[in-house]
Every structure is written in C-alpha cells, then in structure tokens.
Amino acid sequence: MKQMIMTLLAAVMVSAAAGAQDKDSNKPSVDNNRKQEMVKHRTDKMVEDYQLNDKQAKKLLALNTEYADKMRLHHHGPHGPHGPHGMRGQRPEPPKEDMNGERPEPPKGDRPDRRKEMAETMKAYDAELQKIMTAEQYEKYKSDMQQRRERKGPHGPQ
C-alpha cells in the first residue's frame, strides 16, 4: 500500500513538472497569438473608423504587423506597462545623495534616446500610412490623433 501511494505521488509530481514545462514552451506562441489579435483589432478599428477599402485594409494590416513590435516595445518598454517590477512591485528608490552629499547623475542617454527613437518610428509609420490612405482619410486620422494627445496631455492621462 505504501509503495502504491509513493508511486502515485511520484507520477503526480512528474506530471506536474511536465505540465509546467509545456506552459513555458507555449508562452511565445501565446504571446504571438495575442500580438496578432491586437494587430488585427487595431487594423479592424482603423478600417471602420476611416472607411478603408479591402486593398487599403490589407496594406494596413501588413503595416501594423510590421510596426507592432517596434511600437509596443517603445510604448511599454521591455517589461510591459508596469516596468520591471510589475504592478505591485515597488521600484527601488534611487539614492538621494552619495557619501559626499552630492546627488548622483541620472543615467545618460536612456530616456531621450528612446523618445527620439519612438518619434522616428511614429514618423515612419505615419509616412507609410499616408501612402495607404486617401488625403481625407489621413486628415481625419491626424485630427483624431491630435485630439487623443490633447486628452492625454504630454505625459499620459491626467
């Protein structure tokens, strides 16, 4: 009886370990599927909002797919929208002063470079989008983006 329980317990542990490995190995495909769904959703919304035809919709889907990683990484950073510590994690507080009573220099080039790169990415995306849309559709898109920026303000939602 004791051997049977031990064998059953061992089988459950092996099964659980194999299941955990399967979840990890499926993660990239789940992320990829989610990304594709998000791209499709964004494209469908734009097709509806700007009344794009089928030819424009196909080109837009290809454009949104091409720029999905570039824009998502810049928008949320490599750790997602909540940073490397997650929603509940606390960011480590930077030292206010060093041993000599002076403030340390902030990391150079990180944030401004990302902003510049994001602006360049958006500029390239807009240039490609302008080739896909008619002048009227593109003007409506630019107007909508301007309204969105005004609602959010320069540093996100107020």
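Since the model is a prediction, treat every value here as computed from it, not as a measurement.

Draft legend 1. Molecular detail of the overall build of the protein chain. Along its length, the protein chain carries 4 helices and 0 strands. Start at the N end of the protein chain and walk to the C end: the helices and strands fall as α-α-α-α. For the protein chain, long-range pairs separated by at least 24 residues make up 62% of all intrachain contacts whose partners lie at least 6 apart in sequence. Carbon and sulfur atoms provide 55% of the accessible area of the protein chain, an area that totals close to 13,500 Å².

Draft legend 2. Summary view of the packing of aromatic side chains. Summed over all chains, the structure comprises 3 aromatic pairs. Taken together, a centroid distance of 5.5 Å and an interplanar angle of 75° make the contact between Tyr-67 and Tyr-125 edge-to-face. In this pair, Tyr-67 is assigned in helix α2 (residues 54–76) and Tyr-125 in helix α3 (residues 110–132), connecting sequence segments 58 residues apart. Take Tyr-67: its relative accessible area is 7%, and that puts it in the buried class. For the pair Tyr-138 and Tyr-141, a centre-to-centre distance of 6.0 Å together with 35° between the ring planes defines the contact as tilted. Linking Tyr-138 with Tyr-141, this pair stays in helix α4 (residues 135–152), spanning 3 residues, or about one helical turn. Its relative accessible area of 2% is what places Tyr-141 among the buried residues. Grouped by ring-pair contacts, the aromatic residues Tyr-50, Tyr-138 and Tyr-141 constitute a single cluster. For Lys-70, the ring lying beneath its charged end belongs to Tyr-67, and the centroid distance is 4.6 Å.

Draft legend 3. Just the pattern of salt bridges, in detail. For the structure on display, the rule yields 6 salt bridges. Between Asp-49 and Lys-45 there is a salt bridge, and its shortest N-O distance comes to 3.0 Å. Taken together, the residues Asp-49 and Lys-45, both in helix α1 (residues 2–50) and 4 residues apart, mark about one turn of the helix. With relative accessibility at 45%, the residue Lys-45 sits in the partly exposed group.

Draft legend 4. A look at the nonpolar core. With 14 residues, the main nonpolar core has Met-46, Tyr-125, Leu-129, Met-133 and Tyr-141 as its most contacted residues. At the level of elements, α1, α2, α3 and α4 are the ones that each hand at least two residues to this core. If we skip the residues at most four places from it in the chain, Tyr-125 touches Arg-42, Met-46, Leu-60, Leu-63, Asn-64, Tyr-67, Met-71 and Tyr-141.

Draft legend 5. Geometry of unusual backbone geometry. Phi at Gln-51 takes a positive value of approximately 50°, unusual for a residue other than glycine. If you trace the backbone, Gln-51 turns up in the loop between α1 and α2.

Draft legend 6. Looking closely at α4. Its 18 residues give α4 an end-to-end C-alpha distance of 26 Å, which sits within 8% of 26 Å, the value for a rise of 1.5 Å per residue. Listed as buried for α4 are Gln-137, Tyr-138, Tyr-141 and Met-145. Along the axis of α4, the buried residues cluster in a sector spanning 95°; they form a single face. Residues of α4 that are exposed and point over 90 degrees away from its buried face: Ala-135, Glu-136, Glu-139, Glu-150 and Arg-151.

Draft legend 7. Geometry of a positive patch on the surface. Together, Arg-42, Arg-148, Arg-151 and Lys-152 give the surface a local cluster of positive charge. With 3 residues, α4 is the largest single contributor of residues to the positive patch. Along the chain, Arg-151 turns up in helix α4.

Conventions and cut-offs
- Within each chain, residues carry numbers counting from 1 in the order of the written sequence.
- Two thresholds apply to this predicted model, a pLDDT of at least 70 for residue-level local features and 80 or more for giving and counting side-chain atom pairs, whereas whole-chain, interface and lining totals are computed over all residues.
- Each side-chain value is worked out from all heavy atoms of the structure, with water and hydrogens disregarded.
- By definition, any uninterrupted DSSP run of H or I lasting at least four residues is a helix, any uninterrupted run of E lasting at least two residues is a strand, and each is numbered from the N terminus.
- Any two residues whose heavy atoms approach within 4.5 Å are treated as being in contact.
- In these tables, accessible area is a Shrake-Rupley quantity obtained with a 1.4 Å probe, and a residue counts as shielded only by the protein chains included in the view.
- We call Phe, Tyr and Trp rings a pair once their centres come within 6.5 Å, taking the six-membered ring for Trp, and we label the pair stacked below 30 degrees between planes, edge-to-face above 60, and tilted otherwise.
- For every residue, the accessible area obtained with a 1.4 Å probe (protein chains only) is divided by the maximum for its type, and the residue is called buried under 20%, exposed over 50%, and partly exposed between those limits.
- Charge-over-ring contacts are defined here by two conditions on Lys NZ or Arg CZ: a distance within 6 Å of the ring centre and an angle within 35 degrees of the ring normal.
- Just to be clear on terms, a salt bridge is a Lys or Arg side-chain nitrogen sitting within 4 Å of an Asp or Glu carboxyl oxygen.
- We define the nonpolar core as a collection of buried residues of types Ala, Val, Leu, Ile, Met, Phe, Trp, Tyr and Cys that are connected through side-chain atoms lying within 4.5 Å of one another.
- The span you would expect from a helix comes to 1.5 Å times its residue count less one.
- Arc, as used here, means the arc of the directions from the helix axis to the C-beta atoms.
- A patch consists of residues exposed above 30% relative accessible area that lack any salt bridge, with like charges linked at up to 9 Å and nonpolar side chains (Val, Leu, Ile, Met, Phe, Trp, Tyr) linked at up to 5 Å.
- The convention is simple: Lys and Arg are positive, Asp and Glu are negative, and His and the chain ends are not counted.
- By convention, the point assigned to a charge is CZ for Arg, NZ for Lys, CD for Glu and CG for Asp.

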